[in-house]
Number of protein chains: 2
Amino acid sequence: MSDALSRLKDAVGPKGFSEDPHTIAPLLEEWRGTYHGRTSLLVMPATTQEVSRVLAICNETGLGVVPQGGNTGLVGGQIPFDGEVLLSTRRMTRIRALDKEGAHVIAEAGSVLYNVQKAAEDADLLFPLSLASEGSCTIGGNLSTNAGGANVLRYGMARALVLGLEVVLADGRVLDLLRTLHKDNTGYDLKQLFIGAEGTLGVITAAALKLFPRPRQVTTALIPLADPDAAIALLAHLQDATGGLLTAFELIPRIGIDLVLKHIGGADPLRAPAPWYALVEGPPFEDALGDADAVIAQTEAQRVNLWRLRESLSEAQKLEGPSLKHDISVPLAAIPEFIREATAAVLAAVPQARPVTFGHVGDGNLHFNFQVPDTSRRDAVARIVHDTVYRFHGSMSAEHGIGVMKRDDLVRYKSETELAVMRMLKQALDPGNILNPGKVLP
Amino acid sequence: MSDALSRLKDAVGPKGFSEDPHTIAPLLEEWRGTYHGRTSLLVMPATTQEVSRVLAICNETGLGVVPQGGNTGLVGGQIPFDGEVLLSTRRMTRIRALDKEGAHVIAEAGSVLYNVQKAAEDADLLFPLSLASEGSCTIGGNLSTNAGGANVLRYGMARALVLGLEVVLADGRVLDLLRTLHKDNTGYDLKQLFIGAEGTLGVITAAALKLFPRPRQVTTALIPLADPDAAIALLAHLQDATGGLLTAFELIPRIGIDLVLKHIGGADPLRAPAPWYALVEGPPFEDALGDADAVIAQTEAQRVNLWRLRESLSEAQKLEGPSLKHDISVPLAAIPEFIREATAAVLAAVPQARPVTFGHVGDGNLHFNFQVPDTSRRDAVARIVHDTVYRFHGSMSAEHGIGVMKRDDLVRYKSETELAVMRMLKQALDPGNILNPGKVLP
């Protein structure tokens, strides 16, 4: 073990590792404090070759290794729970290329999402992936978790934005799939394996990502609604009016606005409170709103302000106190009925819970959250919510992934055959089980 | 063997098989006559359960099995070359569900693409996959080959249209991934494995497919161009003008128009001939065309007529005589230079060849074809074209797949590591090598 550790240190050089507990401590803590890990070595390779050397040594010596990007994951996937080597991509932040004519960018895994958005913007293009944590999350983590976010409605999940990948396999071999083609049917599309695999099948070191023309005219509106049924009807109406070109359609409950105003500050954007709101963005749709009492952003500052309401919800929930969170999706048409049934079921179990249901309703994805006095009923409530989700043919992890948090629930909600094929892939690609061991697979 | 065959016949019942050479013959012949196969048994299961039984028997007895949809593949993937059992999906044509509000359709593998398009249209929705062979190709084949076609520019390849899959594994286990969610990050996205795997990792029996709002206003124009450089500039200009919403941008050479008028009939849509044309479709872009001498379809009949020029190119090439075809892609910006270099290289080798280069240039995808006196130089010309493609960081199979035609070329153009991971997957999912043996993997 100590021999393996010294080989690892040699592999990444003096700037490429740390054993200092103070340096390492913040990387072992999930940001909400839900998960705490331990490790004796942090490696910070600067190049794909160094990642390759690290994995080869770990594979040879049977050391587990946990890859970490911006440490913004919500399911514990980035935390070394069992003393594994922590592999941070924080030194791999280069934008290797940006091709304006070909509309793509090649970014290293440790590139912060915001920096990739900015690089695209500087070339008058758009990289549409957008999350509340975009100031610190990284491309490697975004792809390893197949991140979602606010623009999935129009541009798809992170998976849909990938043209090519560079991946280091468990044994250190570099799999160069860093292509920039929009069409390439030469054999199995191997990059798909690693997207959303949470670092359990290989370590993503770089990606070629699609860029898009920047939308010329953007309308952003906050629209008061009586209930979630009205949200579904409005979504259908506005998609019809725009030819399916809305970029975002977010549901926000009144309590969400209240929590943001209380903890983050700002003024209520609408004169009268409403039970629910939709935050909608897309090509001009003002005409289709009729006489709805909506706030339409007239300036970029107003637009940013409306989005701040949405993006601050998680932070406001945290400041309000303990919460139970569920990142679920159900078929679109089932959303109102699901909210009614699942809310009632949770309140029956925890009467003091206050529902804070919001999210990317245009994708069928809700952050089905509750403020609670304490989190002692976490597992019981998750069981209630997820059982209801599966009765509605939904998913218990729409965008956050499995990590450790939902790993053992897979047995309850997936077929044996599906789990068997997942294990086949793990066995084939990481026979020594060194890559993020204990994550994803039950 | 004869015991295995009788078990297979029992498994599918009297309507589910044929040993009649006259019935089987057309299924053994690739439509251009390039490939001929042989088999002693055609099975036509009517249900997923019957497919499951067929594969279980084949796996147990070591019989190879070749899945086939509409037999429109161009690389021999659907042909049993070595006496394998031929599994036709022609009796699995049910549209199991169409959800208008949720905008998806669940279709069985043998559903003809046109029928799925029609079902969507009847619900005032759009299924955007569109190919010249849409009247006979099937959803199972479309997904197994990750089909491309005319609308990739806006809607992506077939892969991008899949919400869920039902797949039968080599040993007969049914892998039910038939979800209809837009976001689901619960473990590895297994459906990706089978899309584009050409039936070598499992047999797709049904798919949940995304539907879209029908575009409200469509402009279709045929625009004369001096050269491919002008096409690239026009594409950038029109994408900018429409906010990236063009649905199709097809390049057609003058000789293509000539061949269609000669063999298929019709009138020249433009007064004066031009060296090249772009067939462009999308939201209204007339204003952005300036004073270009373009034909803009004023009626649906005119629109169909313009598209007929493009869709008839393969048929016209066939009627003109022997041809050499290459389904390649290169990065968009490299297209003009690639066409110049690769055309010169082919003409140096086969001076009588006449270039007929057309295709989905908006996706970087060209059908880089030549009319030739005979096909004796097929392999040499393919080598010249593909070597040039890879110098330009392109792909030798943009949308048609690998099949047998390009199988052995993978060794030349893929890394050892990439081929090793492909083989790992094959070994893990089909250890007996019964699924479409001899296809894709070199």
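Cut-offs and rules
- Residues numbered from 1 in each chain as written.
- Chains lettered and ligands numbered in written order.
- Predicted model: local features only at pLDDT ≥ 70, side-chain atom pairs only at ≥ 80, totals over all residues.
- Heavy atoms only, no water.
- Phe/Tyr/Trp six-rings, centres within 6.5 Å; stacked < 30°, edge-to-face > 60°.
- Helix = DSSP H or I, 4+ residues; strand = E, 2+ residues; numbered from the N terminus.
- Buried < 20%, exposed > 50% of the residue type's maximum accessible area, 1.4 Å probe, protein only.
- Pairing = 2+ DSSP bridges.
- Axes fitted to C-alpha atoms, helices over the stretch in contact; angles between N-to-C directions.
- 1 Å grid on protein atoms, 1.4 Å probe; cavity = no way out; pocket = protein on both sides within 12 Å on 5 of 7 lines; lining within 4 Å.
- Points joined across faces, edges and corners; volume = space filled by probe spheres on them.
- Least-squares fit on C-alpha atoms with pLDDT ≥ 70 in both.
- Contact = heavy atoms within 4.5 Å.
- Buried area = accessible area lost by both parts, 1.4 Å probe.
- Salt bridge = Lys/Arg side-chain N within 4 Å of Asp/Glu carboxyl O.
- pLDDT = per-residue confidence, 0-100.
- Polar contact = N/O pair within 3.5 Å; in protein donor to acceptor, adjacent residues only side chain to side chain.

*Asks:* Please set out the packing of aromatic side chains residue by residue, giving values where relevant.
*Replies:* Within the structure shown, the criterion is met by twelve aromatic pairs over all chains. Between Tyr390(A) and Tyr413(A), the ring centres sit 4.2 Å apart and the planes meet at 15°, which makes this aromatic pair stacked. Remark: Tyr413(A) occurs in helix H14 (residues 410-413) and Tyr390(A) occurs in helix H13 (residues 378-391); sequence separation between them is 23 residues. Residue Tyr413(A) is classed as buried on the basis of its relative accessible area of 14%. Taking 5.8 Å as the distance between ring centres and 85° as the angle between the ring planes, the aromatic pair formed by Tyr35(B) and Phe81(B) counts as edge-to-face. Here Phe81(B) lies in the loop between strand S3 (65-68) and strand S4 (85-88) and Tyr35(B) lies in the loop between helix H2 (21-24) and strand S2 (42-43), a separation of 46 residues in the sequence. For Tyr35(B), a relative accessible area of 13% puts it in the buried group. Under the relative-accessibility criterion, Phe81(B) is labelled partly exposed at 30%.

*Asks:* Describe in detail the sheet that holds strand S6 (residues 104-108) of chain A, supporting the description with residues and values.
*Replies:* Residues and elements named next belong to chain A. Strand order in the open sheet formed by five strands is S5-S6-S10-S8-S9, and the pairing between neighbours is antiparallel. Whereas interior strands pair on both sides, the edge strands pair on one side only; in this sheet they are strand S5 (95-99) and strand S9 (174-177). Mean inter-strand twist for the sheet, computed between neighbouring axes without regard to direction, equals 10°. Bridge count between S6 and strand S10 (residues 203-210): five bridges; the pairing is antiparallel. Looking at S10, one finds that His104 is bridged to Lys210.

*Asks:* I'd like a description of empty space enclosed by the protein, backed by residues and values.
*Replies:* Under the definition given, this model contains five cavities of 30 Å³ or more. The space that makes up the largest cavity amounts to roughly 130 Å³. In this structure, the largest cavity is lined by 16 residues; those nearest its centre are Gln192(A), Leu193(A), Asp189(B), Gln192(B) and Leu193(B). The set of elements that each furnish at least two residues to the lining of the largest cavity consists of helix H7 (191-194) of chain A together with helix H7 (191-194) of chain B. Estimates place the volume of the second largest cavity at around 70 Å³. Around the second largest cavity, the lining residues are Arg32(B), Leu74(B), Val75(B), Lys325(B), His326(B), Asp327(B), His400(B), Met405(B) and Lys406(B).

*Asks:* Kindly report on the relation of the copies chain B and chain A, identifying the contributing residues and their values.
*Replies:* You can overlay chain B on chain A at an RMSD of 0.0 Å; the transform is a turn of 180° with a shift of 0.0 Å along its axis. Read as a symmetry element, the transformation amounts to a two-fold axis. Comparing interface residues between copies, 100% of those in chain B also sit at the interface in chain A, which points to an isologous, same-surface contact.

*Asks:* Residue-level account of the interface of chain B and chain A, with values.
*Replies:* The interface of chain B with chain A comprises 73 residues on the first partner and 73 residues on the second. Among the residues chain B hides against chain A, the three largest losses belong to Lys183(B), Asn185(B) and Tyr188(B). Together they make up 18% of the total. The tally of links between chain B and chain A comes to ten salt bridges. The closest approach of N and O atoms between Lys183(A) and Glu399(B), which form a salt bridge, is 2.8 Å. Of all elements in the fold, only helix H6 (152-155), strand S9 (174-177), H7, helix H8 (228-242) and helix H15 (416-429) of chain B reach the threshold of two or more residues within the side of chain B that touches chain A.

*Asks:* I'd love a proper account of the confidence of the model for chain A, names of residues and values included.
*Replies:* Across chain A, the average pLDDT comes to 95, with 100% of residues at or above 70. Across the predicted assembly, pTM comes out at 0.96 and ipTM at 0.95.

*Asks:* Provide a residue-level description of the pattern of salt bridges, including the pertinent values.
*Replies:* Residue and element names in this part refer to chain A. Summed over all chains, the structure comprises 63 salt bridges over all chains. One salt bridge in this structure joins Arg94 and Glu108, with 3.5 Å as the shortest N-O distance. You can see Arg94 sitting in the loop between strand S4 (85-88) and S5 and its partner Glu108 sitting in strand S6, a full 14 residues away along the chain. By relative accessible area, Glu108 is classed as buried at 5%.

*Asks:* Outline the side chain of Thr48(B), supporting the account with residue identities and numerical values.
*Replies:* Residue and element names in this part refer to chain B. In this fold, Thr48 is placed in helix H3 (residues 48-61). Polar contacts involving the side chain of Thr48 include one to the side chain of Arg96, which spans 3.2 Å. Only 2.5 Å separates the side chain of Thr48 from the side chain of Glu166, close enough to count as a polar contact. Discounting chain neighbours no more than four positions away, the residues touching Thr48 are Met92, Arg96, Glu166, Val168, Val174 and Thr205.

*Asks:* Could you give me a rundown of the pairing of strand S13 (residues 248-253) of chain B, with the residues and numbers involved?
*Replies:* Residue and element names in this part refer to chain B. Across the six residues that make up S13, a large majority, six, are buried. As defined by bridge partners, S13 adjoins strand S14 (residues 276-282) across six bridges and the pair is classed as antiparallel. Pairing of Glu250 across the sheet is with Leu279, part of S14.

*Asks:* A description of the pairing of S4(B) should follow, citing residues and the corresponding values.
*Replies:* Residues and elements named next belong to chain B. Burial along S4 is two-sided: the residues Val85 and Leu87 and Leu86 and Ser88 are all buried. Taken together, the two bridges between S2 and S4 define a ladder with parallel strand orientation. In the strand pairing of S4, Val43 is matched with Leu87. With four bridges joining them, S3 and S4 adopt parallel strand pairing.

*Asks:* Lay out the sheet that holds S4(B) in plain terms, naming residues and giving numbers.
*Replies:* One open sheet holds the four strands; their spatial order is S1-S2-S4-S3 (chain B), and the pairing between them is mixed. Each edge of the open sheet carries a strand with a single partner, namely strand S1 (17-18) and S3 of chain B.

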